[in-house]
Amino acid sequence: MTLSGYFKPLLLTLGAFSIGLTMWMAVRMRILDHETAPYTTIPQTLSYFVWLFIEIIKANIAVVRAVLSPNLNISPTMTKIPTPQKSDIGKVMFANSITLTPGTVSVSMEDDHILVHALLAEMSAPEDFTDMGKRSAWAIGEHVE
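Each value, and the rule that gives it
Residues numbered from 1 in each chain as written. Predicted model: local features only at pLDDT ≥ 70, side-chain atom pairs only at ≥ 80, totals over all residues. Heavy atoms only, no water. Core = buried A, V, L, I, M, F, W, Y, C linked by side-chain atoms within 4.5 Å. Buried < 20%, exposed > 50% of the residue type's maximum accessible area, 1.4 Å probe, protein only. Helix = DSSP H or I, 4+ residues; strand = E, 2+ residues; numbered from the N terminus. Pairing = 2+ DSSP bridges. Polar contact = N/O pair within 3.5 Å; in protein donor to acceptor, adjacent residues only side chain to side chain. Salt bridge = Lys/Arg side-chain N within 4 Å of Asp/Glu carboxyl O.

**A closer look at the nonpolar core**
In step 1: Within the largest apolar cluster, 15 residues are counted, with the highest numbers of intra-cluster contacts made by Tyr-48, Phe-94, Ile-98 and Met-132.
In step 2: Of all the elements in the fold, those that place two or more residues in this core are α2 (42-68), α3 (88-100), β3 (113-118) and α4 (130-139).
In step 3: In this structure, Ala-59, Val-63, Leu-120 and Met-123 belong to the second largest nonpolar core, which totals six residues.

**Some words on the pairing of strand β2 (residues 104-109)**
Side-chain direction in a regular strand flips from residue to residue, so the side chains alternate between the two faces of the sheet.
In step 1: Inspection of the sheet shows β2 paired to β3 by five bridges, in the antiparallel sense. In the strand pairing of β3, Thr-104 is matched with Ala-118.
In step 2: Between β2 and the antiparallel strand that follows it, β3, lie three residues.

**Here's the deal with the side chain of His-113**
In step 1: Within the element layout of this structure, His-113 appears in strand β3.
In step 2: The exposure class of His-113 is buried, given its relative accessible area of 17%.
In step 3: Only 2.9 Å separates the side chain of His-113 from the side chain of Asp-112, close enough to count as a polar contact.

**Points about the environment of Gly-133**
In step 1: Tracing the chain through its elements places Gly-133 in helix α4.
In step 2: Given a relative accessible area of 0%, Gly-133 falls into the buried group.
In step 3: On a C-alpha basis, the gap between Gly-133 and Pro-84 in space is 6.3 Å, while along the polypeptide they are 49 residues apart.

**Quick notes on the pairing of β3**
In step 1: Sheet topology note: the strand β1 (residues 77-82)/β3 ladder contains six bridges and is antiparallel. Its bridge partner lying in β3, Thr-79 is registered against Val-116.

**Notes on the pattern of salt bridges**
In step 1: The final tally for this structure, using the stated rule, is two salt bridges.
In step 2: The partner of Lys-58 in a salt bridge is Glu-55, and the shortest N-O contact between them spans 3.2 Å. With Lys-58 and Glu-55 both in helix α2 and three residues apart, the pair spans about one turn of that helix.
In step 3: Where Arg-135 meets Asp-131, a salt bridge forms, and the shortest distance between an N and an O atom there is 3.1 Å. Of the two residues, Arg-135 and Asp-131 both sit in helix α4, four residues apart, roughly one turn of that helix.
In step 4: The exposure class assigned to Arg-135 is partly exposed, which follows from its relative accessible area of 33%.

Listed below in structure tokens is the structure:
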């Protein structure tokens, strides 16, 4: 609609009808589940993104300080971070959140952990990722202990 520039009532009505028909068929076929249509958790996900943005800023400041220090205080390390999420989308969201945070990169993902490369040793403690793991699970509607 935005690319074509056509805002005629007939086209808008047919578009809305086709979306409604598609959604009705998907619900009727029972192919919509929590992972394929996580629309019920949009407020939680948006609040998680705000929290993650703040964490990205904090990590960015830490990385800039380490890199710009005269003696280059970096200490690259690899660590395994346990994943509290049960679903694949939860694990992927957690791994992507780690990678989005400056100074850390998710290298590989196994069933129960994510291998993370950290630029600074103080960024690699598994307990430091506990809050992010719980919050990312909460953002998609999972409940973890």
